[in-house]
Structures are given as C-alpha cells and as structure tokens.
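Observations on the three-dimensional arrangement
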Amino acid sequence: MSSLLSAQTEDFIDWWQHAVFYQIYPRSFKDSNGDGIGDLQGVISKLPYLAETGITATWLSPIFQSPMVDFGYDVSDYKSIQTEYGTMADFEQLVNTATSLGIKIILDFVPNHTSDKHEWFIKSAARDPLYDNFYVWADGKLDNQGVRQPPNNWQSVFYGSAWQWHEQRGQYYLHQFAKEQPDLNFRNPAVVRAMDDVLLFWLNKGVAGFRIDALNHLFEDETLPDEPLSGKTTDPLSYDYTKHIYTKDLPEVLSMVQHWRQLLDDYTAKHSEGATRIMMTEAYADLQVLMDYYEDAGGVRGSQLPFNFHFITDVSGDSDARDFVYNIEKWLIYMPRGHTANWVMGNHDKPRVATRFGPASVDAMNMLLLTLPGVAVTYNGEELGMQDYDEISWEDTVDPPARIAGKLDYKKVSRDPERTPFQWSNATNAGFSTAAKTWLPVNPNYLVLNLEAQKQAVKSHYKVYKSLIELRKLPVLRRGRFSIEPLSRTVFAFKRTLKDYDTLVTIINVSAKEQLVNLTDFINRPQKLVVEVAGVDSVYAPGDSSFLANNRSDKPQLRLAPRAGLVLSYEQSGMSKQRRLLVKQIIKSFNVVLVALLMYNLWRHKWTKVNFN
C-alpha cells in the first residue's frame, strides 16, 4: 500500500454513508455448540475477524423466534431469540462485544408477514376482537361447479395461490410467500403500532438500525381485483403468470417507509449519545420507485439505503463493459441530490459472485464494489470467493421454494447452494461445526478454498478484499468525485478525484480474454500510475510504478488478465496535499538540524555569553 493512506480523513460523513455492511447469515456462519447450526455465540467468536478485516457494520439475517419454515423469515415472536441461535443474553453480549470492536449491528426486520404460529395469527383466526383484523382475510367464491375457490388469481412468490383456506376462521388468508407466512394487514393502525413497538424494543437493545425485508409487498388493493396476465407463462400457479400491480409497490408502501424513517429519526434525536439509526430496505422494484424511497417529490425522506440490486439483477458474466457503466450511471443519475448510493453485490437469495460472474471475476467485482462512491454491501464469504454448492441432493435440500418445486425441478429455484456454511479452514466441516451433520452440506471445495489458507497465501481473494477495505479510508474514496467510461466493449474504468489528493482509477476487464488497455485518453499522465490493489492473477503487484514508462508502445498499455481488475493512483497536476505535507515535514526537520548546528557553533566559539552593555 502506498503513502496515500497517511492522509487525514476528517470529513463529516455520517458513520453509515461510507460503511461496508457485511451480511451474516447466522445459521451458516459459525456453530459454537456442535449442533450443526450457526448461532449467536458463533457470531460473537468471529467478531474479531470482522474487525481485523476492517468491517464496521454487520447485518444479521433474522434471529427472532421462528418455526424455521423459511429459516427465520417466518417470525413467531419478534421479541425473542430463536432458541437454536441462543438467548437474549447472548444477543446483548453480541451487541456489547461488537460495540467494543467498533462494529454496529443491523437487524433483519420482517414486517410483511409472520409465522402462522405467531400469537397474533392464532388470535386472529379465532376472531379475537383485538386481533380480528390483524391479517388479510377474505371470503372465497364459488365456481360454476359450486366448488369454493380463492378470492382472486393472486400467486405466491413461492408458487401456487397466494390464498390459503383456514377451516377454523372459515375464510382465506393472504400469504405472498409460504402458506405458513400469513400477510399482516398494515391498513389496521393496530398492526402499525405493534410493529413500531417491535422496532423500539430492539433499538433499546442497542441496534443501529434495520434492514426491512420484502418492503414493497406490505400493501394490497383492498378490493382484491384479479391481476392482469403477463404473457410470460401459461402456468396460472407461477408467480410470473400475472403483473403484480395490485400486490406490490402500492403508494401506501412509501408512506410506511416515511413513517419508519420518522420513528428512527425521533429515536436518534432523543438518544443523541448514540449514532444515527438507519433503515435499509429490500425491494426488487422499478428504479423510480426506489428513488422515491430515498425522498419523494415533496422532499419527504424515507430509507437511507433502498437496496440497489442492479449488480445482481441487471448484469452477469455475459454483460459487457457498457452494461456495467449504464447500470452504475443510471442509479447515480436518478438518485436525489444529497443522498448516498449503495451497491449490493450478493445476498442469501441469489447465486454468489463467483458463480454468477465466474471465479476469475471475484477480485474485480470486489474492486468495483469497494471503490464506487457510497455504501458497499458484502454477503459473508464473498471476500473469499466462496462458490455455490450446486450438487446438494434432494434429500439435503431444505429451501421452501425448492421443496415446493419437487425433486425434478428443485435445483432451478433452490437458494440452498448460496447458503452453505462459511469456509473457515480445511478442518472438518470447514471449521464451521464439529457436528456429524451440518444443517446444509459444506461445499467440498473447502479443502482448498477457505479463510485460513487465504490468510497464509502470498496472494488471495481475502487479502485483496482487506486491502480494498483499507484503501476506502482515503478521503478520495470517502468523498471524491466520480466519473466512469467504457474504454471498449470489454473494459471500463472510473476515476475518483478530490482536490489536493491523488486520483484513484479502477479499471476492469469483464471479458474472458486478456486485454491490452490504453489509458491515454482517460487520464492525463498514464506513465505516472502506481498500482494500489491488484488481483491474484494480475501480472502487477501493489507499488508497481514503472510498468508503463518502460512500455515500448507509443501509447502506454496495461495488461489486464481475463476478468481481472486493477486499482491505481496518480498525482494530479501540481503537488498533492500528501507531498506538500511531506515537504513541510522535511523543511521542519531541516530547520531543527540547522538550529542545533548553530547552537553547537555558538557553544564551541564561546559565543554563549552576550554583553548587553
């Protein structure tokens, strides 16, 4: 790493605006008691690893009490810890330990639905007056043969009708996900108050904010109309069968986002000794909808971080440089002024980076993620280049959509491959657990792909990732201006510039072939480039600076390996702030030496006595 890191970073950015949020899937992170399931004590034991890596905020997938039909996204008690994960005392220890290490805790909050085992649902099904309208209930209708049918054609995200008949209540209830996950009725003010109470409960436990799950599903059209056909499939039970204009992205969702933002802002104001409490929101929605989550046309603010999934949904290993540039720029163009960009490279619901883009792309994609302006979100294991384990057997498959799809089709939809246990070492079960059987099988490649091996290697994905985290401390990455260009169909580059600081350039080859790249038209003095971060397959190393000057071509060129990236620096015109500081220090030291020599000469020639008469 170059001397760039000696620069001061005092810049008044709030803690979350340049953070790397590290998503932990607790069930697969670290098992502390040998039952084959990750738990809170396991997370606590690995917090020093996060601190060592440079992580300052972590988002925990659901840890609330749950029957685990959807592994925590079916909550039966929002104020209790899932028993197999630990106790409330464990959670409090986790928050305290994280705080001592400078790490903030974000909880995954699941408001759209509960478990059908939740006390609220049981009471609602029994028509308890206080809970009668807590969920979305509706009468069925009779078809031409007099057979009872669901109220409309709405489908579950997990396949099949979104309606389930409840014999005791004598009505259907809505479930946009599994049938064991009934949707709450947010048109009922009592539900809103109950959820506010849940948020305040965990805020009082010391969390720094929440990631809101499935946000854009919160409201449905009260009249329950059929949704129009999409034309994408002829299967009426597929979620793709209709356009979800009555079950997603309704205007009321925005009002709820703004309501929760006000709750968090009020809490921050009343507890000013703590940091800003924030909201991160999950919604696979149109860009304009997501921008309103930031701030609506009237200037009312909502989510600090409406998740940007474009690196997951809109680009792939087949995308060219123009696709990447377009998807980066469109977020920045649409984002309301004064807000913070965010970039999500992976999560527990989508294939891993090494699987989507290819193993050779891991370093380049982390360079992209961590040198763009704003917030970066990393899914645990992506710093190692962990890969999906696609050969999980039907017998070992546990993901609800996969089980619904059946033995022939489960691999097409299963999320289990990206949820396999974290690969800590080449010990039994990758060092994740001492159990005879883990809740999901460990990817067999753990014998060579694991954290311990990467720490010991001369070059590794982890070391690249860690060096990028360190580089993010630079003022130019914290608050520098941004410009990006496709240099060809296969290579794109972007600059981060800040007055008085060296410029950083990230350059990425998205093709499967080596590329020779001419940077003359992109930067003023390519001969002055210094390598800051290089990938494991790069011919360059950090600190290299003469590779372009020695190039025999009239136009200096860089060699980029297939799917590789580089992060480089160069001085702007004139003397940089870092060098001016160095010159000042040299002058100061020279002055000290000069004074010392003068005093020595005065003493030596007995000029220390001065006659004032």
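Residues numbered from 1 in each chain as written. Predicted model: local features only at pLDDT ≥ 70, side-chain atom pairs only at ≥ 80, totals over all residues. Heavy atoms only, no water.

A word on the environment of V75
Convention followed: Numbered from the N terminus, helices here are DSSP runs of H or I no shorter than four residues, and strands are runs of E no shorter than two. Only protein chains enter the calculation, and the probe is 1.4 Å; a residue is then buried if its accessible area is under 20% of its type maximum, exposed if over 50%, and partly exposed in between. Should any heavy atoms of two residues lie within 4.5 Å, those residues are considered in contact.
Tracing the sequence through the fold places V75 in the loop between β3 (64–65) and β4 (77–81). According to the relative accessible area criterion, V75 is buried, its value standing at 0%. Not counting the four nearest positions on each side in its chain, V75 is found in contact with F64, Q65, V110, T114, S115 and H118.

A short note on the sheet that holds strand β2 (residues 57–60)
Heads up, the rule is: Pairing between strands is defined by DSSP: at least two bridges between the two strands are required.
With parallel pairing, 8 strands are arranged side by side in an open sheet as β13-β12-β11-β5-β2-β1-β15-β14. The two strands at the open ends of the sheet, each matched to only one other strand, are β13 (305–306) and β14 (342–344).

Here's the deal with the packing of aromatic side chains
Stated formally: Ring pairs are drawn from Phe, Tyr and Trp, using the six-membered ring of Trp, whenever the two centres fall within 6.5 Å, and their geometry is named by plane angle: stacked under 30 degrees, edge-to-face over 60, tilted for the rest.
Per the stated rule, a full pass over the model turns up 38 aromatic pairs. Their ring planes at 45° and their centres at 5.5 Å tell us that F64 and W202 sit as a pair that is tilted. With F64 in strand β3 and W202 in helix α5 (residues 189–203), this residue pair connects regions lying 138 residues apart in the sequence. We classify W202 as buried; its relative accessible area is 0%.

What to know about the packing of helix α2 (residues 40–53) against helix α15 (residues 461–471)
Our working definition: In this description, a line fitted to the C-alpha atoms serves as the axis of each element, helices being fitted only across the stretch in contact, and the angle between N-to-C directions of two axes falls anywhere from 0 to 180 degrees. Three categories are distinguished: nonpolar for Ala, Val, Leu, Ile, Met, Phe, Trp, Tyr, Cys and Pro, charged for Asp, Glu, Lys and Arg, and polar for the others, with Gly belonging to the last.
Viewed as axis vectors pointing N to C, α2 and α15 meet at an angle of 65°, and their least axial separation amounts to 9 Å. Contacts between α2 and α15 pair Y49, E52 and T53 from the former with Y462, Y465, K466 and I469 from the latter. Taken together, the residues of the contact of α2 with α15 break down into 4 nonpolar, 1 polar and 2 charged.

Considering the pairing of strand β18 (residues 503–509)
For β18, the buried fraction is high: 7 of the 7 residues fall into the buried class. On β18, burial covers both faces: T503, V505, I507 and N509 on one face and L504, T506 and I508 on the other are all buried. Pairing of strand β17 (residues 491–497) with β18, which is carried by 6 bridges, proceeds in the antiparallel orientation. Bridge pairing in β18 links V491 to N509. What sits between β17 and β18 in their antiparallel hairpin is a turn of 5 residues, with D500 showing a positive phi close to 75°. Pairing analysis gives 6 bridges linking β18 to strand β22 (residues 565–570), with the strands arranged antiparallel.

Considering the side chain of T420
Looking at the secondary structure, you find T420 in the loop between α13 (410–413) and α14 (451–456). Owing to a relative accessible area of 2%, T420 belongs among the buried residues under this scheme.

Re the nonpolar core
The cut-off we apply is this: Working definition of a nonpolar core: buried Ala, Val, Leu, Ile, Met, Phe, Trp, Tyr and Cys residues. They are joined through side-chain atoms within 4.5 Å.
If you look at the biggest cluster of nonpolar residues, it comprises 126 residues, and the most contacted ones within it are W260, L368 and F492. The dominant element in this core, judged by the number of residues it contributes, is α5, at 9 residues. Once you skip the residues sitting within four places of it in the chain, L368 turns out to touch F311, F324, I328, M345, F492, F494 and I508.

Quick look at the pattern of salt bridges
Note the cut-off: Salt bridges, as used here, are contacts in which a Lys or Arg side-chain nitrogen is within 4 Å of a carboxyl oxygen on Asp or Glu.
All chains considered together, the criterion is met by 28 salt bridges. A salt bridge links E252 to R187; the shortest N-O distance between them is 3.1 Å. With E252 in helix α6 (residues 251–270) and R187 in the loop between β10 (171–174) and α5, the pair connects residues that are 65 residues apart, well separated along the chain. Residues joined by salt bridges that share partners form a network here, namely D70, D349, D399, R415 and R419.

Some points on the UniProt feature "domain: Glycosyl hydrolase family 13 catalytic" (unreviewed entry) in the chain
The test is simple: UniProt positions are given in the numbering used here, feature names are shortened, and annotations may be inferred rather than shown by experiment.
UniProt tags residues 23–419 as "domain: Glycosyl hydrolase family 13 catalytic" (unreviewed entry). In the segment residues 23–419, helix accounts for 31% and strand for 13%; the C-alpha atoms at its two ends are 12 Å apart.

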